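These are the residues of each chain, in order.
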Amino acid sequence: MSNLFGIGLSGLSAAQAGLNTTSNNISNVNTPGYTRRKTQLSEVAGSQEAGGVQVTGVQRQYAQFLTAQLNAAQSKASATTSHLDQVSQIDNLLSDSTSGLAPRMQSFFDSLSTLAGSPQDSSARNAVLGDAQDMASRFRSFASTLSDMGDAVDKQVKSAVSEVNNNASQIAALNKQITVTQARTGQPPNKLLDQRDELVAKTSKLINVDVTKNDDGSYNLTVGGQSLVDANGSHKLTTVASANDPTQQRLGYVSADGGTREIPNARVTGGEIGGLLSFAADSLAPAQAKLNQTAHDLATAVNAQHEQGTDLNGNPGQALFTTSQPSVYASQNNTGSATLSASFAAGQTNAVTADNYRVKYTGSGYQVTRASDGASVNANFDSASNTLSFGGLNVSVSGNPAQGDTFAVRPLDNAASSFSVAISDPAKLAAAQGGGVGDNKNANALAALQQANVVEGNRSFSDNYSQLVGDIGNQTQSLQVNSDSESALTKELSQAQQSVAGVNLDEENVNLMYYQQMYQANARVIQTASTVFDTVLGLGR
């Protein structure tokens, strides 16, 4: 008889546990990171007779494989979205047909054509200077906007890195709590496990992380081959100026000794951080370089032609526009005493490209590669003048380099941001070429530069700018297609993951009725046992 009571009571306890679990599932249907629970039941062992039921635990319906796939997909989608959001701003800026740069260049050359028709007309001369100033102002404005975008991206990366570090610290703390709790109770601490997995998911949206589960239930996280969370706790990421080119921001890893190691962009391929770094390197930097190239080549070509003419006073023409000089940065890791300075080689405007370069001293000579892809660049070294020549540049070497020393050469830095009109007196416009009153030869030659293949010898200024607009437009379109595809995949994986781990209210309602009926049935068992017990007692009277 006591066995019947025990069986009924065990059933009541099991049903109560099931009702509690189901109620908790329903209550947390909209809780981020919550994983559906299921009460685990088994028959009471240790007796040949029926011993009732016991609760062996509450199990998370965790889909590890699907969750890992979802995190990877979300990391990739987040990278694409952050890249797309940024490059779309450049696309909108450059493609504006009214406020863009193309109309300003057209107006400038149109005014030169007008000047050729009336070389002594003061209004025509004023129009040339006005349009030149308007064009120069637009170059500077675009350069400033792109520079501001770069600064904003740097701040976003730093903010995201700070969030990653905070998440890593919490994951490391949860690792300790989970292992201690599980060792003490023998049961997985479901709430803590949910919290940790939610932090991993959030971190994956910020940066691509590799997760390894250890035998004790703790997680190891790595980023770009560097340990972010391990048995010793959490480690920090930071942002650093690239050792080889301090104008470029890179992700850094703070080692145990307090030193910082640069993590190459190629190892940071996912999450918001990966997307922002990709935008800075693959979209923003090329756009700035192409804009600078257009400004530099236009200023150089116009100046060269203008200096061949004579102004209204019969004086030789002066430079119409200001031009910038190349920048050189020594690597922070250099050990030699060498310094490099660069200048543009005279008459080699066609050889100047939008590329930046890396110069490395090998111990026996200099190796020059393109910064963008590492491709080798032909270079000549004149030992008599200690000058290295490549890409329309002359690079002078002073001091003694050590083997392995590297230098970043950025030929066109600031060409657009410093673009300005160098003369203010309309009479100093050199429209003539040694002729008398009405000579317009140089004005015609200046106007003809609009269609000349000045840029790298194969395209005009307008073509080069159009190429920039087209490149950014194609990138934007490609990223949009990828974003749509990745969003669809993420949605599909999320649905698959939630079908296992998520709370389904219809299913929980069924479980609610199931455990309610189980509770009622076991109550009837106890009631029956009580009735039988009373009957037995009555027989003995």
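Shown above is the structure to which this text applies.
The rules behind the values
Residues numbered from 1 in each chain as written. Predicted model: local features only at pLDDT ≥ 70, side-chain atom pairs only at ≥ 80, totals over all residues. Heavy atoms only, no water. Helix = DSSP H or I, 4+ residues; strand = E, 2+ residues; numbered from the N terminus. Rg over C-alpha atoms; globule rule 2.2 N^0.38 Å. Buried < 20%, exposed > 50% of the residue type's maximum accessible area, 1.4 Å probe, protein only. Contact = heavy atoms within 4.5 Å. Areas by Shrake-Rupley, 256 points an atom, 1.4 Å probe, with all protein chains shown as cover. Pairing = 2+ DSSP bridges. Axes fitted to C-alpha atoms, helices over the stretch in contact; angles between N-to-C directions. Parallel < 35°, antiparallel > 145°, perpendicular 65-115°, else oblique. Nonpolar A, V, L, I, M, F, W, Y, C, P; charged D, E, K, R; others polar. Salt bridge = Lys/Arg side-chain N within 4 Å of Asp/Glu carboxyl O. Phe/Tyr/Trp six-rings, centres within 6.5 Å; stacked < 30°, edge-to-face > 60°. Core = buried A, V, L, I, M, F, W, Y, C linked by side-chain atoms within 4.5 Å. Left-handed = near helix turned anticlockwise from the far one by under 90°.

Quick look at the overall build of the protein
- When helices and strands are counted, the protein shows nine helices and 17 strands.
- For 541 residues, the compact-globule estimate of 2.2 N^0.38 gives 24 Å, and the protein exceeds it by more than 25% at 36 Å.
- With the C-alpha coordinates of the protein rotated into their principal frame, the extents come out at 145 × 55 × 30 Å.
- Counting every position in the protein, which comprises 541 residues, the buried fraction comes to 45%.
- Residue pairs at least 24 apart in sequence account for 69% of intrachain contacts in the protein once pairs closer than 6 positions are excluded.
- Of the roughly 25,800 Å² that the protein leaves accessible, carbon and sulfur atoms contribute 46%.

Observations concerning the sheet that holds strand 10 (residues 327-330)
- Read across the sheet, four strands follow the order 10-17-12-13 without closing on themselves; strand pairing throughout is antiparallel. The open sheet has two edge strands, strand 10 and strand 13 (366-370), and neither has a second partner. Direction aside, the axes of adjacent strands within the sheet are offset by 20° on average.
- In this sheet, strand 13 lies alongside strand 12 (residues 357-361) in antiparallel orientation, the contact comprising five bridges. Bridge pairing in strand 13 places Arg358 opposite Thr369.

Observations concerning the packing of helix 5 (residues 190-206) against helix 6 (residues 271-306)
- Put simply, helix 5 and helix 6 touch, their axes get as near as 3 Å, and they point 5° apart. With respect to helix 6, the axis of helix 5 lies roughly parallel. Mapping the contact onto sequence places Ser204, Lys205 and Leu206 in helix 5 and Gly271, Glu272, Ile273 and Gly274 in helix 6.
- Here the contact of helix 5 with helix 6 is composed, by residue class, of two nonpolar, three polar and two charged.

Some points on the environment of Val377
- Relative to the helices and strands, Val377 resides in the loop between strand 13 and strand 14 (380-382).
- Looking at Val377, the relative accessible area reads 18%, which means it is buried.
- Separated by 20 residues in the primary sequence, Val377 and Tyr357 have C-alpha atoms spaced 8.6 Å apart.
- Once residues within four sequence positions are removed from consideration, Val377 is found in contact with Tyr357, Val368, Thr369, Arg370 and Phe390.

Digging into the pattern of salt bridges
- Tallied over the full model, the rule gives ten salt bridges.
- In this structure, Glu262 engages Arg250 in a salt bridge whose closest nitrogen and oxygen atoms are separated by 4.0 Å. In this pair, Glu262 sits in strand 9 (residues 260-263) while Arg250 sits in strand 8 (residues 249-254), placing the two residues twelve residues apart along the sequence.

Description of the packing of aromatic side chains
- Evaluated as defined, the whole model comprises nine aromatic pairs.
- Each ring, one from Tyr357 and one from Phe390, has its centre 5.0 Å from the other, and the planes form 75°; the classification is edge-to-face. On the criterion of sequence distance, the pair formed by Tyr357 in strand 12 and Phe390 in strand 15 (residues 387-390) is long-range, its members being 33 residues apart. Phe390 matches Tyr357 in its accessibility class, with the two residues each being buried.

Describing the nonpolar core
- Membership of the largest hydrophobic core comes to 81 residues, with the highest contact counts inside it found for Phe108, Leu237 and Phe321.
- Here this core gets 21 residues from one element, more than from any other, and that element is helix 4 (residues 122-185).
- Setting aside residues no more than four positions away along its own chain, Phe321 makes contact with Phe108, Ala132, Met135, Leu298, Ala299, Val302, Asn303, Phe419, Ser420, Val421 and Ala422.
- Ranked by size, the runner-up nonpolar core spans 19 residues in total, among them Tyr361, Phe390, Leu393 and Val397.

Digging into the side chain of Ser111
- Looking at where Ser111 falls in the secondary structure, it is placed in helix 3 (residues 101-117).
- According to the relative accessible area criterion, Ser111 is buried, its value standing at 5%.
- With near-sequence residues (within four places) excluded, Ser111 lies in contact with Ala127, Val128 and Asp131.

Overview of the packing of helix 3 against helix 7 (residues 441-448)
- Between helix 3 and helix 7, the least distance of the axes is 8 Å, while the angle of their chain directions is 160°. When the axis of helix 3 is compared with that of helix 7, the two are roughly antiparallel. Between helix 3 and helix 7 lies a crossing whose hand is left-handed. Residues Phe109, Leu112, Ser113, Leu115 and Ala116 of helix 3 form the contact with helix 7, whose own contacting residues are Ala443, Asn444, Leu446 and Ala447.
- Residues that form the contact of helix 3 with helix 7 fall into these classes: seven nonpolar, two polar and no charged.

Comments concerning unusual backbone geometry
- The phi angle at Asn386 is positive, at roughly 55°, despite the residue not being glycine.
- Among the structural elements, Asn386 can be located in the loop between strand 14 and strand 15.
- For Asn386, a relative accessible area of 27% puts it in the partly exposed group.
- Unlike most non-glycine residues, Glu456 shows phi in positive territory, near 55°.
- Locating Glu456 in the fold gives a position in the loop between helix 7 and helix 8 (461-501).
- On the accessibility criterion, Glu456 (27% relative accessible area) is partly exposed.

Focus on the sheet that holds strand 11 (residues 339-344)
- The antiparallel open sheet is built from four strands, whose spatial order is 11-16-15-14. If you trace the sheet from one side to the other, it starts and ends with strand 11 and strand 14, each paired once. Put simply, the sheet's adjacent strands are angled 25° from each other on average, direction ignored.
- In the sheet, strand 15 pairs with strand 16 (residues 393-398) via four bridges, with the strands oriented antiparallel. By the bridge assignment for strand 16, Thr387 is matched with Ser396.

Regarding the side chain of Gln293
- Counting through the fold element by element, Gln293 comes out in helix 6.
- Note on Gln293: relative accessible area 0%, which makes it buried.

Quick notes on the pairing of strand 11
- Of the two faces of strand 11, the one holding Leu340, Ala342 and Phe344 is buried and the one holding Thr339, Ser341 and Ser343 is not buried anywhere.
- Relative to strand 16, strand 11 is paired through six bridges, and the arrangement is antiparallel. Of the residues in strand 16, the one forming a bridge with Thr339 is Ser398.

What to know about the environment of Val53
- By secondary structure assignment, the location of Val53 is in strand 2 (residues 53-60).
- Taking the C-alpha atoms as reference points, Val53 and Val421, separated by 368 residues in sequence, lie 90 Å from one another.
- The contact partners of Val53, leaving out residues within four places of it in the chain, are Ser10, Gly11, Ala14, Leu41, Ser42, Glu43 and Val44.

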